[in-house]
Amino acid sequence: MSGCSSDDSAQDKAWQEEYCAKLGSWQDEAHARTANTESAGEAAIHASKKLDEAGLEHGGTRILDDTVNAVAGDTGAEGRAVSYCDSAGFETSVDSAG
């Protein structure tokens, strides 16, 4: 089971929502350059591991890799992570990357 579809379980959607919320929190911290950026990034990476292990990636994305790279400063990876949240239906949880 992968991708966003009507077949996604409630648990799958909860994990996707959690990931997107944590990614959005990391973005807020990173863009504000606060002292909490590192812990917010770790939380987003942890949430992406759940998605990776459950196979909840869309369109051949590697959400764990993209999240790790985004937290390390790769804006392209951040954009792919944001696109994942858009396609999962949680676009309001994240900022457009770019």
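Each value, and the rule that gives it
- Residues numbered from 1 in each chain as written.
- Predicted model: local features only at pLDDT ≥ 70, side-chain atom pairs only at ≥ 80, totals over all residues.
- Heavy atoms only, no water.
- Helix = DSSP H or I, 4+ residues; strand = E, 2+ residues; numbered from the N terminus.
- Buried < 20%, exposed > 50% of the residue type's maximum accessible area, 1.4 Å probe, protein only.
- Salt bridge = Lys/Arg side-chain N within 4 Å of Asp/Glu carboxyl O.
- Disulfide = S-S within 2.5 Å.
- Phe/Tyr/Trp six-rings, centres within 6.5 Å; stacked < 30°, edge-to-face > 60°.
- Core = buried A, V, L, I, M, F, W, Y, C linked by side-chain atoms within 4.5 Å.
- Contact = heavy atoms within 4.5 Å.

Draft legend 1. Fine view of unusual backbone geometry. Phi at Arg 33 is positive, roughly 55°, even though this residue is not glycine. If you trace the backbone, Arg 33 turns up in the loop between α1 (10-32) and α2 (37-54). Exposure remark for Arg 33: the relative accessible area of 75% places this residue in the exposed category.

Draft legend 2. Molecular detail of the pattern of salt bridges. By the definition in use, this model includes five salt bridges. Here Asp 52 and Arg 62 are joined by a salt bridge, their closest N and O atoms 3.3 Å apart. With Asp 52 in helix α2 and Arg 62 in the loop between α2 and α3 (63-71), this pair connects stretches of sequence that are ten residues apart. On the basis of relative accessibility, which here comes to 41%, the residue Arg 62 falls in the partly exposed class. Its salt-bridge partner being Arg 80, residue Asp 66 comes within 2.9 Å of it at the nearest N-O pair. You can see Asp 66 sitting in helix α3 and its partner Arg 80 sitting in helix α4 (residues 75-88), a full 14 residues away along the chain. Accessibility expressed as a relative area gives 7% for Asp 66, which makes it buried. Each of the salt bridges in this network shares a partner with another, and the network as a whole consists of Asp 52, Glu 57, Arg 62 and Asp 65.

Draft legend 3. Region of the structure containing the state of the cysteines. For the structure shown, the criterion picks out one disulfide. Each disulfide pairs two cysteine sulfurs, and for Cys 20 the partner residue is Cys 85, the sulfurs being separated by 2.1 Å. Residues Cys 20 and Cys 85 are joined through a disulfide that is left-handed, its torsion about the S-S bond being -105°. Taken together, the positions of Cys 20 in helix α1 and Cys 85 in helix α4 put the pair 65 residues apart, joining distant regions of the chain.

Draft legend 4. Layout of the packing of aromatic side chains. Per the stated rule, a full pass over the model turns up one aromatic pair. Ring geometry for Tyr 19 against Tyr 84: centres 5.9 Å apart, planes inclined by 80°, an arrangement best described as edge-to-face. Pair noted here: Tyr 19 is in helix α1 and Tyr 84 is in helix α4, with a separation of 65 residues, a long-range link. An identical accessibility class is assigned to Tyr 19 and Tyr 84; each is buried.

Draft legend 5. Here's a closer look at the nonpolar core. Residues Tyr 19, Leu 23, Trp 26, Leu 51, Ile 63, Tyr 84 and Cys 85 are the most contacted members of the largest nonpolar core, which totals 20 residues. Broken down by secondary-structure element, the contributors of at least two residues to this core are α1, α2, α3 and α4. Broken down by element, the residue count for this core peaks at six residues, all from α4. In this structure, Ile 63 is in contact with Tyr 19, Ser 48, Leu 51, Asp 52, Glu 57, Ala 81 and Tyr 84, ignoring residues within four places of it in sequence.

Draft legend 6. Broad picture of the environment of Val 71. Note on placement: Val 71 falls in helix α3. On the basis of relative accessible area, Val 71 is assigned to the partly exposed category, the value being 28%. C-alpha separation for the pair Val 71 and Ala 30, spaced 41 residues apart in sequence, amounts to 8.5 Å. Other than its neighbours up to four places away in sequence, Val 71 contacts Trp 26, Gly 41 and Ile 45.

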